[in-house]
Structure formats: C-alpha cells, structure tokens
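Tertiary structure, described
Below, each chain spelled out in residue letters.
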Amino acid sequence: MSTLLSASVLAAAAAPSSVLDSAADSLANVSDHLYGQFLAWVLIAAGLYFTIRSRGVQFRHFGDMVKEITGSRSSADEHEGGISSFQAFAIGLASRVGTGNIVGVAIAITMGGPGAVFWMWLVATVGMATGFIESTLAQIFKVRHHDGTFRGGPAYYITRGLGSRTWGSVFAVVITFVFGFAYEATQANTIAATAHDTFGVEPWVTAIVLVVITAPIIFKGIKRVAGVAEWMAPFMALLYALIAIVILVMNLGAIPLAIKEIFEGAFGLNQAFAGLSGGLYAAAINGIKRGLFSNEAGEGSVPNAAATATTSHPVNQGFIQSMGVFVDTIVVCTATALIVLLSGVYTPAGADADTAGVLTTASVTSQLGSWSQYLMAFILFVFAYSSLLGNFTYAEVNMDFIRKGQSKHYLLRTMILVATFIGSVASLTFVWNLSDVAMGCMATINIVSIALLGKWAFGALRDWEQQREAQKRGEIDVIRFVGTGNPNLPRDVPGDVWDGSASATNGGVAVEQR
C-alpha cells in the first residue's frame, strides 16, 4: 500500500513538472522582450523622475527613514489598527528579502556577469524614491477593514485616486496571481532545491512538508502572518549579514578587485566579465530584472503591506518602505554579490546557468567550510518561507478588494498551497521566468498609476516637512496628517480615514481637532 502511495505521489509530482518545463523557453523570450525593450528603462526613468520631483527624498531624509523604523514598533499596540508600522515594514521585508537576494543575485551574475550588480544598485538607488511614492500613496488612499486593520495598495489608489475601478480590478487580479501563485512557486522552488542539494530530500517530500506547515498560518490571516514575519525576516537578514561580514573580513584585500570587476562589467570595459549572455546589454537587463524582483520598487507589491500600517502620517510609512529598498539591495544583495565574487567558485568562463541556484551556497561553503552548507540551507529556507508568507498578505489584500472584504478567501489559500506544491517540483528556469513575466505586467500598470498620482505624494511630503519645521519651533507636538482642506493636496482625500474629525482616527491614531 505504501509503495503504491509513493508511486502515485511521484507520478503526480512529475506530471506538472514536465508540462510546466515545456513553457520555460517561451516565457524566457517574452521576459527578455518585455524588460529589454520597455520595462527596464521605464522603471529607471520613473525612479529618476520621482527622485527629481521629491528633491532627492531618499538622500535628504535618509536619517528620518532610520528613525521611523526604530521608533514605530509599538504603534499598533497602543491604538486600533492591529499592525504597527514596523510590522508592515517586516511584512514588506519578508517578501523583499528572500530568494532574490541569494539565488537571484547569483543568477544575475551568472547570466550578466559582475556588472549586473551595478545595475541592481542603480535600480535600488532610484527605486528608493519610487518605493517612497507608492507606499505614501497606499497610506493616503487606504480604507478601514472590518477586522480593525487597513487595506490599500495600487488597486485602491487606482480606484480612489484615478477613479477607475476597472483598472483597479485588473491590477488586483494580476497581483493576486503573481503573489498567490507565481512568487509562491518561486520561493517553494528554492526551498526544495536547497533541501535536495544539501540533504538529498526529494522535491515531492519538501512539497508536502511545505503545504503542511504553511496552511495553519495563512488560514489565520494577515495578523498571524505579521506576527511571524516581525521576528523571522529581520533576524535572518541580520544573520546573513553577519556571515557576509565574516567573509568580507577574510578577503579584505580582494574587495577592491571585486568592485573593479563590477564596474568594468557594468559598462562592457572587460569582456572577461560578460557572463553567459555576454556584453553590456546582458549586464543591464539581468541586473535590472533581478534587482526589481528583489527590491520590488515600482512593482506595486509592497504598498499592499504599507497600507496596513497604523501611522499618524502617510509619509512615515513611505520613509519606512523606502528604507526597505535600501536594506534589500544595497545591503543584502551587495553582500551576496561580494560573497560570490570573492569566493573563487564563480568564474565567468565556467559559469553555468543550471548551477546558478546553488552558487551562493557553494561560495559560502568554500570560505567557511562544509558545515556552513547546513547553515545556508537554514537561512535560505527562512528567507524563502518568510517571503512565501509575505506574498500571501499581498494576495489577500487584493482579494479583499475584488470581493469587497466579504469572503474568507479559502480559494486563494488553496491556490497558494497548490502553487507551493507545484513550485517545489518544477524547474528553476520555469518558475523564475513565470515570475518575471507576471511581475512585468503588474509593474507596468503600477508605474503608470503612480506617475499620474505622484502629485498626492509630493503634496503629502510638503505637508510633513512643513509640520516638522513647526515641530522644531515648538508649535506642535506630533506630526499628523489631515486629508481634508489640506492646501498641499490636489483635493480632499476620499473617505473618513484621514478626514481630521474628532470622532475619526487617522490611520488608527486618534487625531485631536485643530
């Protein structure tokens, strides 16, 4: 009986794998055209536009971003709303800091050479401004949910800000598929590959285990996910950063050469660093694709988490999520890149697309010894699993939009479990190409929307800066946002979340009448 059961499970696992693998090449072609001819350049242009219009918000207010993160953890405990700014940041970080930081960086270097890292930096630097804009908009146009939390994101600000529920619904459907299926499959694929390479566990076994441990958490909803992500994602990011620091200290003398390789590869100055795809174009496209997948700036995903936060001013959460882009790419992705380039395991001549998924682990093992493969397996599992949980949050927020909060979304939860199983047994190339194409469609809608709505975020930033100056002069105690009769805004913010009335609450924080 057990033999028959095992055979049945293996057959079920093999079937979707063979079917899905046949589509990998087609998805790769679509992805290359989508990014190479359109999206990559639009994302950079949008980031530059937001940087200029906000007068370099990511540079001028970097210190304020750090302060917001360190001082925001308790807000949900003191007021209604249920999720603090820090928890919303942790959910965003859980989704951002995942396989893109370890596997994605290795893929970018393998395919585009060390120069791909430079383009990841560029995307992140301008992406911090984009992340600020979209998360601030998410707070401005959020709505109150029946369970005491808030809901918001592109679907909401497209509908309430641009007055188009049709396009809001289109975005909601796309992002629900992206985060309810495509990205979940990607995270599961990384966990399964790591378990197989490190411990010899068959992918179908990992698939079953993941389904069993994921179901109880996602069926409890956003608050349970926030509680898990709050400690899991930051702790793992810190642990991984410590590993990187140890390896960097061990190779201090070689760091300047690694940095030189990155810049020479970025501008095609040395064809020895061209990667498998070859040349400047390959470095740019692979770096931008993997950078966007990792930090999600402009993609329209993180605003869904940003909107759930309890905060007194939309700009506060914009600062926090902008810092998330910095932590993800400038800190964690750079750490991975240097680990790979300093280890000696990676060589442009010997690059292999099929082994890119384990390149980072092999690089760490070569530096710290064979025991570290088990530590890396654990870190990869937590990174990927926390992303899997964070992705669920985004999907549920948009299902709330589609179904107007009238459902427990059991179908969505089931789809996530199915994606987890399929992703575990499918090939690496299929799940990453699928994610790229789906993400590209989602990002296109979002970028157009935030460009049209940018004046709201710029106005909110002016309002915050004016209040901060008043606070420094001792005229006010706390910076609070009021969305009605505000001269910095194009018009009054719809709804009652930010109306400034004595009976209302702004983002879950009581506002006194002024």
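All of these numbers come straight from a predicted model, not from anything done at the bench. (Residues numbered from 1 in each chain as written. Predicted model: local features only at pLDDT ≥ 70, side-chain atom pairs only at ≥ 80, totals over all residues. Heavy atoms only, no water.)

1. Considering the overall build of the protein chain
Helix and strand content of the protein chain: 20 helices and four strands. Split into buried and exposed, the 514 residues of the protein chain put 62% on the buried side. Here the contacts in the protein chain between residues at least 6 apart in sequence split such that 82% fall between residues at least 24 apart. In the structure as shown, the protein chain presents an accessible area of about 18600 Å², 64% of it carried by carbon and sulfur atoms. (Helix = DSSP H or I, 4+ residues; strand = E, 2+ residues; numbered from the N terminus. Buried < 20%, exposed > 50% of the residue type's maximum accessible area, 1.4 Å probe, protein only. Contact = heavy atoms within 4.5 Å. Areas by Shrake-Rupley, 256 points an atom, 1.4 Å probe, with all protein chains shown as cover.)

2. What about a nonpolar patch on the surface?
On the surface, a cluster of nonpolar side chains totalling about 480 Å² of accessible area is made up of Leu238, Leu242, Ile245, Val249 and Leu252. In this fold, valine 249 is placed in helix H12 (residues 222–250). (Patch = residues over 30% accessible without salt bridge, like charges linked within 9 Å, V, L, I, M, F, W, Y side chains within 5 Å. Salt bridge = Lys/Arg side-chain N within 4 Å of Asp/Glu carboxyl O.)

3. Side note on unusual backbone geometry
Notably, arginine 55 is not glycine yet its phi reads approximately 55°, a positive angle. Inspection of the secondary structure assignment puts arginine 55 in the loop between helix H2 (24–53) and helix H3 (57–60). Arginine 55 gets classed as exposed once you look at its relative accessible area, which sits at 51%.

4. Here's the deal with the packing of helix H18 (residues 372–403) against helix H19 (residues 410–425)
Contact geometry for H18 and H19: axes closest at 11 Å, N-to-C directions at 145°. For the element pair H18 and H19, the recorded crossing hand is right-handed. In contact with Leu388, Phe392, Ala395, Glu396 and Met399 of H18, H19 contributes Leu412, Arg413, Ile416 and Thr420. Looking at the contact of H18 with H19, its residues break down into six nonpolar, one polar and two charged. (Axes fitted to C-alpha atoms, helices over the stretch in contact; angles between N-to-C directions. Left-handed = near helix turned anticlockwise from the far one by under 90°. Nonpolar A, V, L, I, M, F, W, Y, C, P; charged D, E, K, R; others polar.)

5. What to know about the packing of helix H13 (residues 255–266) against helix H16 (residues 314–343)
Look at H13 against H16: their axes get within 10 Å of each other, and the N-to-C directions meet at 110°. Between H13 and H16, the angle is such that the two are roughly perpendicular. Contacts between H13 and H16 involve Ile255, Ala258, Ile259, Glu261 and Ile262 from the former and Leu338, Leu341 and Leu342 from the latter. Class assignment for the residues of the contact of H13 with H16 results in seven nonpolar, no polar and one charged. (Parallel < 35°, antiparallel > 145°, perpendicular 65-115°, else oblique.)

6. Some thoughts on H19
Its 16 residues place the ends of H19 23 Å apart at the C-alpha level, agreeing with the 22 Å of an ideal helix rising 1.5 Å per residue. Taken together, the buried positions of H19 are Leu412, Arg413, Ile416, Leu417, Ala419, Thr420, Ile422, Gly423, Ser424 and Val425. (Expected span 1.5 Å × (residues − 1).)

7. A closer look at the pattern of salt bridges
Applying the stated rule across the entire model yields eight salt bridges. For lysine 260, the salt bridge is made with glutamate 264, and the minimal N-O distance between the two is 3.8 Å. Placement of both lysine 260 and glutamate 264 in helix H13 is noted, with a separation of four residues, approximately one turn of the helix. Put simply, Arg55, Arg60 and Glu465 are held in one network by salt bridges that share partners.

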